[in-house]
Amino acid sequence: MPKSQVRKKKVYTPPTDVRPTATAATRKPSPVWLPITAVALIVAGISWLVLYYLSEQAYPVMSWGYWNLAVGFGAMVASLILLSRWR
């Protein structure tokens, strides 16, 4: 079996003036309210949609019609946006 060749090039290290100053370890953690609010929005959105379908489109707000779907899915999308900021 042939012997593997030794690497002749040096390992690249970026210059110090280009390196980012803030690392993931130095960033502040998320506030306590963020995951609580995100979970509450997910639960509220799912319960809004379930109530809308089980009541045969009479509740939560009958006059809104299909906009009830936008409210339920909007709450879930808002929770995803909040969770994307969670550290």
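The shown structure was predicted, so the numbers you read here are calculated from the model rather than taken from an experiment. (Residues numbered from 1 in each chain as written. Predicted model: local features only at pLDDT ≥ 70, side-chain atom pairs only at ≥ 80, totals over all residues. Heavy atoms only, no water.)

Chemist: Would you mind going over the overall build of the protein with me for this structure?
Modeler: Scanning the protein for helices and strands turns up 2 helices and 0 strands. The proportion of buried residues among the 87 residues of the protein is 16%. Pairs at least 24 apart in sequence give 56% of the contacts found in the protein among residues at least 6 apart. (Helix = DSSP H or I, 4+ residues; strand = E, 2+ residues; numbered from the N terminus. Buried < 20%, exposed > 50% of the residue type's maximum accessible area, 1.4 Å probe, protein only. Contact = heavy atoms within 4.5 Å.)

Chemist: Looking at this structure, I do not really get unusual backbone geometry. What am I missing?
Modeler: The bulk of non-glycine residues show a negative phi, and the bulk of peptide bonds are trans. Backbone geometry places Glu56, a non-glycine residue, at a positive phi of 55°. Relative to the helices and strands, Glu56 is located in the loop between α1 (33-54) and α2 (67-84).

Chemist: What is the right way to read the side chain of Asn68 from this model?
Modeler: Here Asn68 is to be found in helix α2. When sequence neighbours within four positions are dropped, the list of residues in contact with Asn68 reads Trp48, Leu49, Tyr52, Pro60 and Val61.

Chemist: It is not clear to me how the side chain of Ser79 should be interpreted in this structure. Could you clarify?
Modeler: Positionally, Ser79 belongs in helix α2. Non-local contacts of Ser79, meaning those with residues more than four positions away in its chain, are made with Ala38, Leu41 and Ile42.

Chemist: For this particular structure, what's the right way to read the packing of aromatic side chains?
Modeler: Here the distance between the centres and the angle between the planes together describe a pair of aromatic rings. Tallying each qualifying case throughout the model produces 2 aromatic pairs. Here Trp48 and Trp64 contribute two aromatic rings whose centre-to-centre distance is 6.2 Å and whose plane-to-plane angle is 25°, an arrangement assigned as stacked. Placement of the pair is Trp48 in helix α1 and Trp64 in the loop between α1 and α2, with a sequence separation of 16 residues. Looking at Trp64, the relative accessible area reads 41%, which means it is partly exposed. Ring geometry for Tyr52 against Tyr53: centres 5.5 Å apart, planes inclined by 65°, an arrangement best described as edge-to-face. Here Tyr52 falls in the buried class, since its relative accessible area comes to 1%. According to the relative accessible area criterion, Tyr53 is exposed, its value standing at 53%. (Phe/Tyr/Trp six-rings, centres within 6.5 Å; stacked < 30°, edge-to-face > 60°.)

Chemist: What am I meant to see in α1 here?
Modeler: Each α-helix turn comprises 3.6 residues. Residues three or four places apart therefore point the same way. Over its 22 residues, α1 extends 31 Å from the first C-alpha to the last, a length consistent with the 32 Å expected when each residue adds 1.5 Å. Those residues of α1 lying buried are Leu34, Ala38, Gly45, Leu49 and Tyr52. Along the axis of α1, the buried positions cluster into a sector of 70°, meaning they face one direction only. The outward face of α1, more than 90 degrees from its buried face, is lined by the exposed residues Ile36, Val43 and Leu54. (Expected span 1.5 Å × (residues − 1). Arc of directions from axis to C-beta.)

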